[in-house]
Structure formats: structure tokens, C-alpha cells
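# Observations on chain architecture
Listed below, chain by chain, are the residues.
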Amino acid sequence: MSIKPDFSLLELASVREGDSVSTTLANSVAYAQHAEKLGFKRFWLAEHHNMEGITSSATSVLVGHIAGKTESIRVGSGGVMLPNHPPLVIAEQFGTLECLYPGRIDLGLGRAPGTDQITARALRREGLGAEQFPEDVARLQTLLGPLQPGQPVKAIPGAGTNVPIWLLGSSLYSAQLAAMRGLPYAFAGHFAPRLYREALRVYRDNFQPSEQLQQPYAMLAVPAVPADSMEEAKFLSTTSYQRILSLFRGQPLWMKPPVESMDGLWNAAEEAGVKDFLGLQVIGNADDLKQQLDELLSDIQVEELMFTVDIYEPAQRRHALDILAQTRT
């Protein structure tokens, strides 16, 4: 590609085994501040519930916390799982955030619950869910847009803030909806890489300009393990391997220290499943990463890459951003 995509970060506020939530969130703040210094464009937090080891459930609260501890980086949701929430509540929350941090807030929306079905029912009343996602998106657009004469329900704050709405997805559905509504689109390649080419193509081929967006704007989320050498990166990558293995087994998702070998920790089928989950992973030193990213971008067009970086030691994780930033210079 002739134009290099901007770099951004997705954060789950993952808890290291034995750490407290307070320590975890302090590390997330330091991580966001370091990303800001390096020129990363966005820092998004993902909504998950009932998952031991992931502390980004109160997404809007964390968006405000990170925005308050930084100065210029855009902060947002990657995403709010809209079936869990009445649109009015989300409009009020993100409208308030936009008033507190003008021009820095993004509202990424997903149509999955971000949890199991029992928890999903606990989050929102019965009978409402993903099937009404398009209508809920439209309601949010209305609530965050200019007040209309006679509008019966108003988001106060929220009305007139025009917080940028993004649609997130891991299939073709949200790509089609984002194209039809003229919204920016982010594909979740960090955990569901299979359809990324098709989804990005569907989005671009069917894009309809809107008041929010005149040209298509696509983002691809990618897992990354930047390190000073490929050998070190392979060692550090075992932290994410162990966490995804725990996900497959229905176990708590604490971040575990890297190990010299995964032999004996997984069987052949589990290894294949974890590596398929991480099919878009880029790994190694700056030169390795640049080569892998160039190859990834050779047959797709995206305006932005959003990285997930699962590295156990907080200082190493921040250093990984230094290495990642080198690939753009």
C-alpha cells in the first residue's frame, strides 16, 4: 500500500494471575499514556462480562478514566455490545463523555452479547437482542444527532454531540450494515480471522456515503507480539496461547507468565484451534513485523490497524509498542 494505515490499540484490561483489578487498571493507564506518546491514534476498550481475568465490563467508565489520564489519543469502545443496553443509556453515557473530552470519543458497537447466554439474559430483559441491532443503531444515531422538532425522547447530554459511531464485526453482516449506513467499520481479526478479506471487500463495494462519512473507512484488528528478537517473541507469545486455551476450556482467563514450551499444556487439536484463532498474528522484531504487515496489507485496503498485545510483564508490553511504532518509520 502507498498509504500506511494508522496504528491503534484494543485493550481488554486483562488481569495477570495474582494481580488486583486496581493494579490491572493502573497498568492499562500507563499503557495508554505510552501509546499516546508514540502517536497511536486510538485506544479502545472491549466489553466482556462474567469472564474472570477481563475487567473491561463497565466499558464507558473505563473510557472516561483513560480519557481523563491522557490528552490527545482518541478513546472509545471496541465495542459496546448493544444488545446488552438500551440505546438511550449508551447515548447519555457517550454524550457525557464527548462533553467531557470533546473530539476524542468513539462509540464502537457490536451485536454479540460479549458473554454467555445466561449472563446476557441478566444484562437485558428477555426478548431483545441481536435481531434488533439495526434498529438500535438507528436509534443511537438519532439520539446523538441534532434534536428534531417534537422529538419525544432526548439524550441529555448526548443530543447534538454526533459521537462517531463505528460498527464492529467478525462476519459479513456488520460489514453490509456499515456500508449501507455509511459508517466506519472494524473487523475483529484478532479472534475471528477467517472472513476478513470478504468482509472488507463487501464493505468497500457496497459503501453508501452519509453525513458522518463520505468515503469508506475500514479498520482491521490484529494480534501482535513485538519483541527485540523472534526468539523472544515466540517465548512471549505463550502468554496469549495459554489464555486462549483457557477460553476454549471454559476456564478463568488470567494472564499467565510465558513458558519455554507449550508441550504438555495443550493437545494437537487445541494447538490447531489456538493457532487458527490467532491466524492474523504478527510476531517478531520490527523488521519481522514490517515484513508480515506488508504481506497482510498487500491484498486488502484498510485505513487503520488496531493491535491487541498480550504480553505478561507491563514494562515489556509498553516496550512492545516502541517496536511496533518503528514499523511505521
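Structure: see above.
Quick caveat, the model's predicted, so the values are computed rather than measured. (Residues numbered from 1 in each chain as written. Predicted model: local features only at pLDDT ≥ 70, side-chain atom pairs only at ≥ 80, totals over all residues. Heavy atoms only, no water.)

### Examining the pattern of salt bridges
For the structure on display, the rule yields 14 salt bridges. Between Arg74 and Asp106 there is a salt bridge whose closest N-O contact spans 2.8 Å. Remark: Asp106 occurs in strand β4 (residues 105–110) and Arg74 occurs in strand β3 (residues 74–81); sequence separation between them is 32 residues. Take Arg74: its relative accessible area is 18%, and that puts it in the buried class. In this structure Asp106 comes out as buried when scored by relative accessible area, which is 1%. Across the salt bridge formed by Glu271 and Lys275, the nearest N and O atoms sit 2.9 Å from each other. (Salt bridge = Lys/Arg side-chain N within 4 Å of Asp/Glu carboxyl O. Helix = DSSP H or I, 4+ residues; strand = E, 2+ residues; numbered from the N terminus. Buried < 20%, exposed > 50% of the residue type's maximum accessible area, 1.4 Å probe, protein only.)

### Points about the packing of helix α9 (residues 238–249) against helix α10 (residues 268–277)
Packing of α9 against α10 leaves a shortest axis separation of 10 Å and a crossing angle of 110 degrees. Comparing the axis directions of α9 and α10 gives the class roughly perpendicular. In this structure, the crossing between α9 and α10 has a hand that is right-handed. Listed contacts from α10 to Tyr241, Ile244, Leu245, Leu247, Phe248 and Arg249 of α9 are Glu270, Gly273, Val274, Lys275 and Phe277. Looking at the contact of α9 with α10 residue by residue, the classes come out as seven nonpolar, one polar and three charged. (Axes fitted to C-alpha atoms, helices over the stretch in contact; angles between N-to-C directions. Parallel < 35°, antiparallel > 145°, perpendicular 65-115°, else oblique. Left-handed = near helix turned anticlockwise from the far one by under 90°. Contact = heavy atoms within 4.5 Å. Nonpolar A, V, L, I, M, F, W, Y, C, P; charged D, E, K, R; others polar.)

### So, the environment of Pro146
For Pro146, the location among the structural elements is in the loop between α5 (133–144) and β5 (165–169). Along the chain, Pro146 and Leu97 lie 49 residues apart, while their C-alpha atoms are 17 Å from each other. Each residue touching Pro146, except ones within four places of it in the same chain, is listed here: Gln151, Gly160 and Asn162.

### Re unusual backbone geometry
Of note, the amide linkage connecting Gly78 to Gly79 takes the cis form, showing an omega dihedral of 0 degrees. Among the structural elements, Gly79 can be located in strand β3. Of note, the amide linkage connecting Ile156 to Pro157 takes the cis form, showing an omega dihedral of -5 degrees. Along the chain, Pro157 falls in the loop between α5 and β5. One non-glycine residue with positive phi stands out, namely Asn162, at about 50 degrees.

### Focus on the packing of aromatic side chains
As enumerated under the stated definition, the model contains ten aromatic pairs in all. Taking the centre distance of 4.9 Å and the plane angle of 75 degrees together, the rings of Phe7 and Phe307 count as edge-to-face. Pair noted here: Phe7 is in strand β1 (residues 6–11) and Phe307 is in strand β9 (residues 304–308), with a separation of 300 residues, a long-range link. For Phe7, a relative accessible area of 7% translates into the label buried. (Phe/Tyr/Trp six-rings, centres within 6.5 Å; stacked < 30°, edge-to-face > 60°.)

### Points about helix α11 (residues 286–297)
With twelve residues, α11 ought to run about 16 Å at 1.5 Å a step, and its terminal C-alpha atoms sit 16 Å apart, in line with that. Of all the positions in α11, only Ala286, Asp288, Leu289, Leu293, Leu296 and Leu297 are classed as buried. Taken down its axis, α11 places every buried residue within 155 degrees of arc, on the same side. Residues of α11 that are exposed and point more than 90 degrees away from the buried face comprise Asp287, Gln291 and Glu295. (Expected span 1.5 Å × (residues − 1). Arc of directions from axis to C-beta.)

Treat this as a map of the structure, not an account of what it does.
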